Structure formats: C-alpha cells, structure tokens
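# Coordinate inspection notes
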Amino acid sequence: MKKVYVSVLKNNGFTYLETLFSLSVISLIAFILPATFGVFSQFGMIDTDLEGDIFLMDIVETSRSADEVEIDNKKTITFETERGKIEYQLNNSRIVKSINDEGFITMLFDVTTWDFTEEKKFMKIKIKTDGEFDEEILIKK
C-alpha cells in the first residue's frame, strides 16, 4: 500500500488573517475618501468662475483680430473686424456683446467696475464683479 502525503504549504486559499487585513485596508480607504473630497471643496480648489474665463478668451480673441479699437462714452468698447463691428458695453450691471448691432449676448453678470484707461499704444480695461472675477486686460490699439 502507498502512502500519500499532503503538504500544508501548497494550499491555494486565503487565510483568515489575510482576509481580515485586506478588508481593513479597504474600509480605511472608504473612510478617508469622502473626507478628502470635503477638504478639496472647502479650500475652493474647484474653479467655478467659467463665465469670466469665457469672457476673457472672447475679448482677447476679438482684440487680436481687430483692425481698429474705439471707446465710446466710457461704457462701450468697439472693435472693427472682418466680421463687422463687435461691441462690448455695460448695460444694467451686465456686459453684453453685439455684432453689427444685431442681437445681444450677455457675457458677464453683476459687474461693479468697467473702466477704461487709454495710453499711446494700448488701452487698459479693468473689470470687477460681485463674485470672484477681478481682472485688468491690456489691449493693443
């Protein structure tokens, strides 16, 4: 008769301690994750001022393609481009854009400051809203 020996070292399953350890690591990660998201939102690391960024990109792109720039009555800035006359004006605490005096697109809300300063080769536009938006833009004439 042959004797059969079974080795304990060739067991392919998990031990009870290995299972407990892996479950404790998973529960620790699940416990820390919500607190991490709370910290990031508390410090304001998520940018929510998208309308200001879109306005800046739009006016800079318009100024680069402009042949001529004019300021009227400290409330309106006009760019003469290939597309026509593009105006940005302050109207009831909003900055609105119009192309060839047709239609209006509101670009910024709750504007408190809309000031122009003219120099020889450039003009400076200072824009500030009730929110986080506070920028100065230099536009080449």
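Definitions and cut-offs
Residues numbered from 1 in each chain as written. Predicted model: local features only at pLDDT ≥ 70, side-chain atom pairs only at ≥ 80, totals over all residues. Heavy atoms only, no water. Core = buried A, V, L, I, M, F, W, Y, C linked by side-chain atoms within 4.5 Å. Buried < 20%, exposed > 50% of the residue type's maximum accessible area, 1.4 Å probe, protein only. Helix = DSSP H or I, 4+ residues; strand = E, 2+ residues; numbered from the N terminus. Contact = heavy atoms within 4.5 Å. Expected span 1.5 Å × (residues − 1). Arc of directions from axis to C-beta. Pairing = 2+ DSSP bridges. Axes fitted to C-alpha atoms, helices over the stretch in contact; angles between N-to-C directions.

### Remarks on the nonpolar core
Nonpolar side chains in soluble globular proteins tend to end up buried together. Counting residues in hydrophobic clusters, the biggest one holds 20 residues, and the most contacted among them are Phe55, Ile77, Tyr88, Trp114, Ile125 and Ile127. Listing elements by their share of this core, those giving two or more residues are helix H2 (50-64), strand E2 (76-81), strand E3 (84-91), strand E5 (102-108), strand E6 (111-118), strand E7 (122-129) and strand E8 (134-140). Beyond its immediate sequence surroundings of up to four residues, phenylalanine 55 is in contact with Tyr88, Ile95, Met107, Leu108, Trp114, Ile127, Phe133 and Ile137.

### Things to note about H2
With 15 residues, H2 should cover 21 Å at 1.5 Å per step; its first-to-last C-alpha distance of 21 Å lies within 8% of that length. When H2 is considered as a whole, its buried residues turn out to be Gly52, Phe55, Asp58, Ile59, Thr62 and Ser63. The arc that holds every buried residue of H2, seen down its axis, measures 130 degrees, which confines them to one face. Opposite the buried face of H2, at more than 90 degrees from it, the exposed residues are Leu50, Met57, Glu61 and Arg64.

### A word on the sheet that holds E6
With antiparallel pairing, the three strands of this open sheet are ordered in space as E6-E7-E8. Looking along the sheet, the strands with just one partner apiece sit at the ends: E6 and E8. Looking at each pair of strands side by side, their axes are set apart by 15 degrees on average, direction ignored. Relative to E7, E6 runs antiparallel, the two sharing seven bridges. Considered in E7, the bridge of glutamate 118 is made with methionine 123. Of the strands in this sheet, E6, E7 and E8 are in contact with H2, which crosses E8 at around 10 degrees.

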